[in-house]
Amino acid sequence: MPDINWQKSSFSGSGNDCVEVRSMKGLVELRESDDGDTIVHTAAAAFTELLHAIKAGELDHHA
C-alpha cells in the first residue's frame, strides 16, 4: 500500500509506535505506523465524535 497523505500526530515521537490518519474517498482511515497493511475505515462524523470524546476525557477510564 502506498504511503500517500498519512498524517502522524505531532505528539508522536520519531519511532514507529503511533496512529496515522488520512482522508480517502470520503472516509477517514486509521492505521498503526508499525502495521501499515491493517487499515480501519470509518465515516468522518464517527471519527469526529471519537476525537471529541477523547478530548473531553470520556474514555480515560479505559486506560
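Here the structure is a predicted model, which is why all the values come from computation and not from measurement. (Residues numbered from 1 in each chain as written. Predicted model: local features only at pLDDT ≥ 70, side-chain atom pairs only at ≥ 80, totals over all residues. Heavy atoms only, no water.)

(A) Looking closely at a negative patch on the surface. A grouping of D17, E32, D34, D35 and D37 is seen on the molecular surface, where their side chains present a negatively charged patch. Structurally, D34 is set in the loop between strand 3 (27–32) and strand 4 (35–43). (Patch = residues over 30% accessible without salt bridge, like charges linked within 9 Å, V, L, I, M, F, W, Y side chains within 5 Å. Areas by Shrake-Rupley, 256 points an atom, 1.4 Å probe, with all protein chains shown as cover. Salt bridge = Lys/Arg side-chain N within 4 Å of Asp/Glu carboxyl O. Lys, Arg positive; Asp, Glu negative; His and termini not counted. Charge placed at Lys NZ, Arg CZ, Asp CG, Glu CD. Helix = DSSP H or I, 4+ residues; strand = E, 2+ residues; numbered from the N terminus.)

(B) A look at the pattern of salt bridges. Within this structure, the stated rule accounts for 2 salt bridges. Note that E20 and R31 form a salt bridge whose closest N and O atoms lie 2.7 Å from each other. Here the residue E20 occupies a position in strand 2 (residues 19–24), and R31 occupies one in strand 3, the gap between them amounting to 11 residues. Its relative accessible area of 12% is what places E20 among the buried residues. Residues E29 and R22 are paired through a salt bridge, measuring 2.7 Å at the closest nitrogen-oxygen approach. The class for E29 is buried, based on a relative accessible area of 6%. (Buried < 20%, exposed > 50% of the residue type's maximum accessible area, 1.4 Å probe, protein only.)

(C) Just the environment of I39, in detail. With respect to the secondary-structure elements, I39 resides in strand 4. The exposure class assigned to I39 is buried, which follows from its relative accessible area of 19%.

(D) Expanded view of the layout of surface pockets. Of the volumes computed, that of the largest pocket is approximately 240 Å³. Looking at the largest pocket, it is lined by 13 residues, and the ones nearest its centre are S9, V19, V21, F47 and L51. Broken down by secondary-structure element, the contributors of at least two residues to the lining of the largest pocket are strand 1 (7–8), strand 2 and helix 1 (44–55). It is helix 1 that contributes the most residues to the lining of the largest pocket, 4 residues altogether. Here the residues of the lining of the largest pocket sort into 8 nonpolar, 3 polar and 2 charged. (1 Å grid on protein atoms, 1.4 Å probe; cavity = no way out; pocket = protein on both sides within 12 Å on 5 of 7 lines; lining within 4 Å. Points joined across faces, edges and corners; volume = space filled by probe spheres on them. Nonpolar A, V, L, I, M, F, W, Y, C, P; charged D, E, K, R; others polar.)

(E) A look at the sheet that holds strand 1. Taken in spatial order, the 4 strands make up an open sheet running 1-2-3-4, and their pairing is antiparallel. Bordering the open sheet on either side are strand 1 and strand 4, each of which pairs with just one other strand. Here 6 bridges tie strand 3 to strand 4, and the two strands are oriented antiparallel to one another. Opposite E32, over in strand 4, you have D35 as the bridge partner. Against the sheet, helix 1 engages strand 2, strand 3 and strand 4, with an angle of about 100° to strand 4. (Pairing = 2+ DSSP bridges. Contact = heavy atoms within 4.5 Å. Axes fitted to C-alpha atoms, helices over the stretch in contact; angles between N-to-C directions.)

Note that all results are geometric; they support no functional claim without further evidence.
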